[in-house]
Every structure is written in structure tokens, then in C-alpha cells.
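# Fold and contact review
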Amino acid sequence: MPIIKSIQELKSLREEIQNKRKKDFSERHPIEIKVAMATCGIASGAKPIFDFLIEELPKRNIAANVKQTGCMGYCYAEPTLEIRIPNQDPVVFGYVDLKKADEIIEKFIKKGELVDGIIPINYIVAN
Amino acid sequence: MNTHKKRNILICQGSTCHQVAKENLIDAFKSKLKEYQLDEDVKVVQSVCFNKCTVGPNIIIHPDNVEYSTVTSDDIDEIIMLHLLNDKIVERLVYNQVYENSGSDKKQYRIALRNCGFIDPEVIVDYIEKNGYAALGKCLTEYTPQQVIDEIKASGLRGRGGGGFSTGLKWEITSKSEADQKYVVCNADEGDPGAFMDRSVLEGDPHSVIEAMAICGYAIGATKGIVYIRAEYPLAIKRLQIALKQAKEYGLLGRDILGTGFEFDISIKYGAGAFVCGEETALIHSMEGLRGEPTLKPPFPSVSGYLGKPTNVNNVETFANIPAIINRGSKWFASIGTEKSKGTKVFALAGKVNNVGLVEVPMGTTLREVIYDIGGGIKDGKKFKAVQTGGPSGGCLTEKHLDLPIDFDTLMAAGSMMGSGGMIIMDEDDCMVSMARFYLEFTVEESCGKCAPCRIGNKRLHEMLIKICDDKGSEEDLMLLKNLSTVVKDTSLCGLGQTSPNPILSTMENFYDEYLAHVKDHKCPAGQCKSFQRYYISEQNCIGCMVCARNCPVNAISGEKKEVHIINQETCIKCGVCMEKCKFDAIYLN
């Protein structure tokens, strides 16, 4: 990566990233999955779920961008996933285990059906 | 059958809603939907707590995003008829109608945690995408160092590590100290048991801290930053190292940042996890390789700190707020919160509360909203007793404080403190004397031993509390306890000793009856202190099966076969095995 030499370069890099993300989201992998993987999430078993998603989604022909994030704040319901599918608000699932992850892929991602264990988003983010 | 809009009904399965609901709403909805032949189109989904427990049971109609509160099975017909069949909202049940004093239905507002859970902390482009490093760029190109300081001062940001000192003022003092080298130190030595917000910020959004440290460096005229982090946080350290490496690769740290000629670099120092090293001067000594002992202030670190140079020490959460303040302006930040405490505060909810977790609320939110709405109420429907804020240095707050708007000053006035934001919630089963004993045990272990009041005083306080919990205390001890607490508080060298008696003083203030019960009536009202427990065998229920006697590890139970057994109170060690093993509920506690 070349060094960012000015504020204009930083700005254009940001725009480039944002555009690429939009393009990826509409063309390459329209589904985005975030797995909360701070120490607490990992301790509750988020890592096997992360690995399961990375491994299973291509096998089931689902183009998704799976990524790790920090703590979402729902410590009581770890492990947690946030899934964004096109034209919908992101949905957060709590108490996810491998069985639940499988159900989420088959029902929510493939058919758009909600499954048990949804966490309604309870905060506003300052951006 | 004509087709209806596909919908989901999300039903809150949080334990409070569950307890309030007289019937099983899931089954009730399912059978009603079948009756209306809607079960094909409308799905009932179990949901985790909505954080609106005061108005439960709650449901959400998805995807319309309409939220109904205080729903009972009598309301189902109306919801189906109006909403599901005719797309009309049942106004009387809408959340905002039910919950009168609410401005917004979302009580949490995330500033410090704005990126936690949204970006990949190990990928710098994720942070740049979310406007990352824009604040640093803005400071370097548009503001003079003094303007940055003025902006932070105007925002009203106060240190989130516990003291609540004005961050802008701290920066200004350090900037005015003349020296060839100054330092920016990030205090990531989160020692307060029950607090985990600093770890979460570093694990979820390390770049925001790096960016803020660089901004601080620019404002005060420092070129070196150091993160002092406890070695007990391996994942936070790993992610911080990755973030630092990436920031250097992108030229956002190092020489000539963004072509402005500004130079700033950050290194990491590991702490061994001593509580006292959260105190600035002790932290600096620890960084210098000396014993982690505090020294008397002044001189303040802002004048003479790390290696004798002016040093600005701020906490992780404080830093995490800085980029947002620069990007959105001090006016925006100052518009949130209370008169003297601006912005938001992250709290780590722990203890006997349903939704344990990390929450960020505007200053001035009441304890009730935090515990009952966001926290989902007390576990197992028990009664709220107290909440310990500020960790071992804080105090406990009780039911009468529930409607207190939380900020630095109100907590201080109520005899507690903000601290780093740990909130440990206790229910009716928790003994307050025992709680104070627990915290004193912690401070005794963590005292550095430099000054006598803290080293010896806390030890004696701890011994007195053990004595009271062991049923050996007298009323005289209570007097002594109070007096010594005041002495330790007044004469200790640093913040650790000056605040360590707080758990005793605040529990004595709020729960004096409980102390009296221990020494006068020889009872522990909460039933937690083992020394006061007596196990007895009920004459009615005991059938003389001898199971308890066989399992008692100290042979304290005697009795013939098929005759009522007796526990010898002298030998009994109160382990509770007999009670566990008895199949006839014949053993009871007084």
C-alpha cells in the first residue's frame, strides 16, 4: 500500500473504498455477515461459527462477505451475528450455535424467513 | 384464500416479558393466526429482549417495524383484524403511547462504541471507510494546536477513566509545559473488576484510539505516544499491534503524516495487571521500569511525567470520543448529556441483571432506565437491592437512587462515583457486609504498600469485616469500622486508598440495619454469610433414611435408622451437602 500523502489522497481513498464496497455488495457478494469476535464472543464460541460460515457458504453457493468485528454489546446473547441482505435492514441473531447457524443459512439467507433468536437493535449510532 | 402480505411477529422472550405475560403469547398468536387462516403468511418468531421491559410484553410486526407494548392475549384479535388484515396500526398499543415519558424508543446512543461491532478491527480500510482518520486530517490542515484544544474544551469532555477531569484542560496544561520531548499516554490498564469497555474498544475499534492519540500529540506538541496496556488482554494487544502496523504502512503514523510535516509514533508498554497502575503516577513509574507506586501530586504528569517530561495521560474511552468530537464539532457533543457532564458513558452491566453487556447511554440517563430497560431487569424476578458503580473505589446506590440521572456529579453527591463505568447489580440475596468485604479483599491485595494508611488501614478494615461476617462482631466494631474508614480515606497517598473505604461507608450509610443485624441479632438478613446459617432437620419430613449422615463430610449428623436425625451445630461446617442429598426436603436453613 502506498503511503497516503495528503488529505485529498485520504479522501479519495475513502471514496474508492466506499464505491468498491457498494459494487461488491451489489455484484460480488450481496450478503454481509458480521460475527462479533471480541474476547467475550470468542469465549462463547464465535470462532467455530465463523469458520463454519466461511466453509459452508461457498459450498451452498452463497456469495457472502463474512467478517469479524468487535463487541456488539449483547454479552448476554453471545455468540451474535449481524446479517445484511439486500433491500432489508440488518438483522442481529443471538445465542447462535452451529445448528442455529445452519438454520440461518437455510431459512433466513436462502428464503428470507426470520428465525427465532432475533435481537432488535436497541441503540442509535453517532456517525 | 386470498394472499396477505408476508409478515413476521417478533415476540420478546426476555425473562421480564416472559414473567409479566400471564399466558404463552407465542402459542396464543399461533393458534389465533390459524383461526384467521393467516398461519401461511404470518410467522411467529421468538426474539431476544427488546430492552423495553418496563412496558412488556412487547412484540414487533416485521417488516413494518411497528412495536406494540403491554400486549395480552386479549389484544390479539384486534392486532390481527386491524394491522394484519387491514394495514391499520393499533394506536393504543404502540410503544410510544404506552411509555409516556419517552422521547426516543432507543435509549442507547453510541459515540465511543460507534464502530464496535460494525467494522473489522484488523482491517484499516474498514475504519477509513467509516470516516476514519478524517478527524486527524482536519486537525492537521484546518486547526492550530490551540484550536484543537479549544474544541475539546468546548465539547465539555471529561476523563472517562474515573476522575472526570476536563480533557481539554489537561491537554492545555500539557501543551503549555515547555520541554524538548512530550508524551501522550493511553491508559489501557483497566483494573476495575467488572469493567470491560476499554478492552472492547481496543478489540473492536483500535484505530479510533490511535487517531485520537495522534490528534492529542498534535495539540500538545508531542511526537511520541505510548499505550500502557495490561498483558491480560492478549486479543486487544494483538489487534492494537495489527492496527499500529497498518497505520504505519499507510503513513498515518510516522514522519510527515498526510504531507503536513507532523510526526507521531506510538509504541506499546505492557502492564502486569496491578490495579494501582491505573493511577497516573503509578502508571508512569511502571512504564519507566520502576515499581508501580504512586507519588504525591504535584508535580502533575502534565508538567513532569514519563522520564521527567510533560505527559498527557488519558483513558481509552476518552480517546475513543475524540475523533467523533472533531468530526461533528464540539457543539454537537456538548448538546448531549447533562449540564456539567457532556456526551455519553459506556457502562459494563454485570451481576444479577438479565442483559449483561456493554451499553452506552447519554449522561443523565437514570439508573432505572439502565437497569430495567436496557438491562432487562433483575434476574429470576428477584428484587433489586443495590448497584455498585465505580468498582472497588465506588459506592453502592439503592432503590432511592433509581431515578437519579447518572453523571459525574450526581454520583459523587450520592456517595458513589462514576469510576470507569462498571455497574454490578445486586439483588435481595446479596449481603451488603459481605459485598464490602469482597471489595476490601481486593484493595488489600492491590494496595502497593507504600503509605501506611492504605497498607495497614485497609488490612484492619478487611479483618473487621471478616469478623462481622463470621458472627464475631460487636456494635463497637461498627464504630471503629466507620472511624478507620474515614481515616484511611483522608490520609492515603493516592486515589486507591482515598477511595477504598467507599464500599464500607456507602453500605453503612444505606444498609446500617444490615450491619446491626450481623452484630446485634446475629443474623445475616440476606442469608449469604455462612457463619449465621444453621441447618436443621425437620421432624415431620425426616424418615431416617440416613443418606444425609452418610454424606456429611464431618460426621455432624447422628440418628438411628428410621428415626429423626439431628445435626450437631458445633461440628457442622455448613457445606449444604445434606440439603442437596435429602430427597424428602427434610433439611432446612433458618
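Residues numbered from 1 in each chain as written. Chains lettered and ligands numbered in written order. Predicted model: local features only at pLDDT ≥ 70, side-chain atom pairs only at ≥ 80, totals over all residues. Heavy atoms only, no water.

### Side note on the overall build of chain B
- Along its length, chain B carries 24 helices and 19 strands.
- Considering only C-alpha atoms, chain B reaches an extent of 90 × 80 × 40 Å along its principal axes.
- Put simply, chain B has 590 residues, and 59% of those count as buried.
- Considering only intrachain contacts with a sequence separation of at least 6, the fraction spanning at least 24 residues in chain B is 69%.
- Total accessible area computed for chain B in this model is approximately 23700 Å², and 50% of it derives from carbon and sulfur atoms.
- Positive and negative side-chain charges in chain B, numbering 66 and 76 respectively, have mean positions lying 2 Å apart. (Helix = DSSP H or I, 4+ residues; strand = E, 2+ residues; numbered from the N terminus. Buried < 20%, exposed > 50% of the residue type's maximum accessible area, 1.4 Å probe, protein only. Contact = heavy atoms within 4.5 Å. Areas by Shrake-Rupley, 256 points an atom, 1.4 Å probe, with all protein chains shown as cover. Lys, Arg positive; Asp, Glu negative; His and termini not counted. Charge placed at Lys NZ, Arg CZ, Asp CG, Glu CD.)

### Quick look at the pairing of strand E3 (residues 59-62) of chain B
Residues and elements named next belong to chain B.
- Both faces of E3 are covered, namely the face carrying Ile 59 and Ile 61 and the face carrying Ile 60 and His 62.
- For strand E1 (residues 7-12) and E3, the ladder comprises four bridges, and the chain directions are antiparallel. Residue pairing for E3: Ile 9 is matched across the bridge by Ile 61.
- Connecting the antiparallel pair E3 and strand E4 (residues 66-68) is a turn made up of three residues, with Asn 65 showing a positive phi of about 60°. (Pairing = 2+ DSSP bridges.)

### Quick notes on the interface of chain A and chain B
- Taken together, the contact pairs 47 residues of chain A with 60 residues of chain B.
- Summed over both partners, the interface of chain A with chain B buries about 4500 Å², with 57% contributed by carbon and sulfur atoms.
- Counting across the interface, chain A meets chain B through three salt bridges.
- Close ionic contact of B:Asp126 with A:Arg21 constitutes a salt bridge, the shortest N to O distance being 2.7 Å.
- Broken down by secondary-structure element, the contributors of at least two residues to the side of chain A that touches chain B are helix H1 (7-28), helix H2 (39-43), strand E2 (64-69), strand E5 (118-119) and strand E6 (123-125) of chain A.
- Sort the elements by how many residues they give to the side of chain A that touches chain B and H1(A) lands first, with seven residues.
- Summarising the sheet, E6(A) and strand E5 (residues 108-110) of chain B pair through three bridges and their orientation is parallel. Paired with A:Tyr123 across the bridge in E5(B) is B:Gln108. (Buried area = accessible area lost by both parts, 1.4 Å probe. Salt bridge = Lys/Arg side-chain N within 4 Å of Asp/Glu carboxyl O.)

### Examining the layout of surface pockets
Residues and elements named next belong to chain B.
- The calculated volume of the largest pocket comes to roughly 1300 Å³.
- The wall of the largest pocket is formed by 48 residues, among which Gly 161, Gly 162, Gly 163, Gly 278 and Glu 279 lie closest to the centre.
- Listed by contribution, the elements that provide at least two residues to the lining of the largest pocket are helix H8 (167-176), strand E6 (183-188), strand E10 (311-315) and helix H20 (495-499).
- Top contributing element to the lining of the largest pocket by residue count: E10, with five residues.
- Looking at the lining of the largest pocket, its residues break down into 16 nonpolar, 23 polar and nine charged. (1 Å grid on protein atoms, 1.4 Å probe; cavity = no way out; pocket = protein on both sides within 12 Å on 5 of 7 lines; lining within 4 Å. Points joined across faces, edges and corners; volume = space filled by probe spheres on them. Nonpolar A, V, L, I, M, F, W, Y, C, P; charged D, E, K, R; others polar.)

### Some words on the packing of helix H6 (residues 134-142) of chain B against helix H13 (residues 316-328) of chain B
Residue and element names in this part refer to chain B.
- For the pair H6 and H13, the least separation of the axes is 8 Å and the interaxial angle reads 60°. As judged from the angle between their axes, H6 and H13 are oblique. Our pair here, H6 against H13, has a crossing hand that is left-handed. Contacts between H6 and H13 involve Ala 134, Ala 135, Lys 138 and Cys 139 on the former and, on the latter, Pro 323, Ile 326 and Asn 327.
- Within the contact of H6 with H13, the residues separate by chemical class into five nonpolar, one polar and one charged. (Axes fitted to C-alpha atoms, helices over the stretch in contact; angles between N-to-C directions. Parallel < 35°, antiparallel > 145°, perpendicular 65-115°, else oblique. Left-handed = near helix turned anticlockwise from the far one by under 90°.)

### Some thoughts on the confidence of the model for chain A
- Mean pLDDT over chain A works out to 90, with 98% of the residues at or above the 70 mark.
- Within chain A, the lowest mean pLDDT, 85, falls on E6(A), and the highest, 95, falls on helix H3 (residues 46-59) of chain A. (pLDDT = per-residue confidence, 0-100.)

### Looking at H6(B)
- Among the residues making up H6(B), those that are buried are B:Ala134, B:Ala135, B:Leu136, B:Gly137, B:Cys139 and B:Leu140.
- Packing partners of the buried residues in H6(B) comprise H1 of chain A together with helix H7 (145-155), helix H10 (206-220), strand E8 (254-257), strand E9 (262-271) and H13 of chain B.

### Focus: the side chain of B:Asp205
All names here are of chain B.
- By secondary structure assignment, the location of Asp 205 is in the loop between helix H9 (197-204) and H10.
- One buried charged side chain, Asp 205, makes no salt bridge at all; its nearest oppositely charged neighbour is Arg 114, positioned 4.7 Å away.
- One polar contact links Asp 205 to Asn 115, side chain to side chain, over a distance of 3.2 Å.
- Leaving out residues up to four positions away in the same chain, Asp 205 has contacts with Asn 115, Cys 116, Ile 119, Pro 121, Tyr 127 and Ser 200. (Polar contact = N/O pair within 3.5 Å; in protein donor to acceptor, adjacent residues only side chain to side chain.)

### Things to note about the sheet that holds strand E13 (residues 384-389) of chain B
All names here are of chain B.
- Spatially, E12-E11-E15-E13-E14 is the arrangement adopted by the five strands of the open sheet, whose pairing is mixed. With partners counted over all chains shown, the strands left at the sheet margins are strand E12 (357-362) and strand E14 (395-398), one partner each. In this sheet, neighbouring strand axes are inclined to one another by 30° on average, regardless of whether the strands run parallel or antiparallel.
- For E13 and E14, the ladder comprises four bridges, and the chain directions are antiparallel. Bridged to Thr 389 within E14 is Gly 395.

### Things to note about a nonpolar patch on the surface
- Taken together, the side chains of B:Phe165, B:Leu169, B:Ile173, B:Phe300 and B:Val303 make up a nonpolar region of the molecular surface, amounting to roughly 420 Å² of accessible area.
- For B:Phe165, the location among the structural elements is in the loop between H7 and H8. (Patch = residues over 30% accessible without salt bridge, like charges linked within 9 Å, V, L, I, M, F, W, Y side chains within 5 Å.)

### Notes on the environment of B:Phe262
- Residue position: B:Phe262 is located in strand E9.
- Those residues in contact with B:Phe262 that sit more than four places away from it in its chain are B:Leu140, B:Ala214, B:Gly217, B:Tyr218, B:Ala222, B:Gly254, B:Arg255, B:Asp256 and B:Ile257.

### Regarding the domain arrangement of chain B
- Each assigned domain of chain B is listed with its residue range as follows: domain 1 (7-98), domain 2 (124-332), domain 3 (344-427), domain 4 (432-519) and domain 5 (533-589).
- With centres defined by C-alpha atoms, the gap from domain 3 of chain B to domain 5 of chain B works out at 41 Å. (Domains from an automatic or database assignment.)

### So, the pattern of salt bridges
- Following the criterion strictly, the structure yields 48 salt bridges over all chains and no others.
- A salt bridge links A:Lys100 to A:Glu103, with the shortest nitrogen-to-oxygen separation between them at 3.4 Å. Of this pair, A:Lys100 and A:Glu103 both sit in helix H4 (residues 98-111), three residues apart, roughly one helical turn.
- Where B:Glu463 meets B:Arg460, a salt bridge forms, and the shortest distance between an N and an O atom there is 2.8 Å. Placement of both B:Glu463 and B:Arg460 in helix H18 (residues 452-469) is noted, with a separation of three residues, approximately one turn of the helix.
- Residue classification places B:Arg460 among the partly exposed residues on the basis of a relative accessible area of 38%.
- Within the structure, one salt-bridge network assembled from shared partners comprises A:Glu55, A:Glu56, A:Lys59, A:Arg60, A:Asp102, A:Glu106 and A:Lys110.

### Concerning the nonpolar core
- B:Tyr133 and B:Trp171 are the most contacted members of the largest nonpolar core, which totals 91 residues.
- Among the elements that take part in this core, H10(B) stands out by supplying ten residues, more than any other.
- Those residues in contact with B:Trp171 that sit more than four places away from it in its chain are B:Val148, B:Ile149, B:Ile152, B:Ile215, B:Cys216, B:Ala219, B:Ile220, B:Asn312, B:Asn314, B:Phe319 and B:Ile322.
- Within the second largest apolar cluster, 32 residues are counted, among which are A:Met37, A:Leu53, A:Ile104 and A:Ile109. (Core = buried A, V, L, I, M, F, W, Y, C linked by side-chain atoms within 4.5 Å.)

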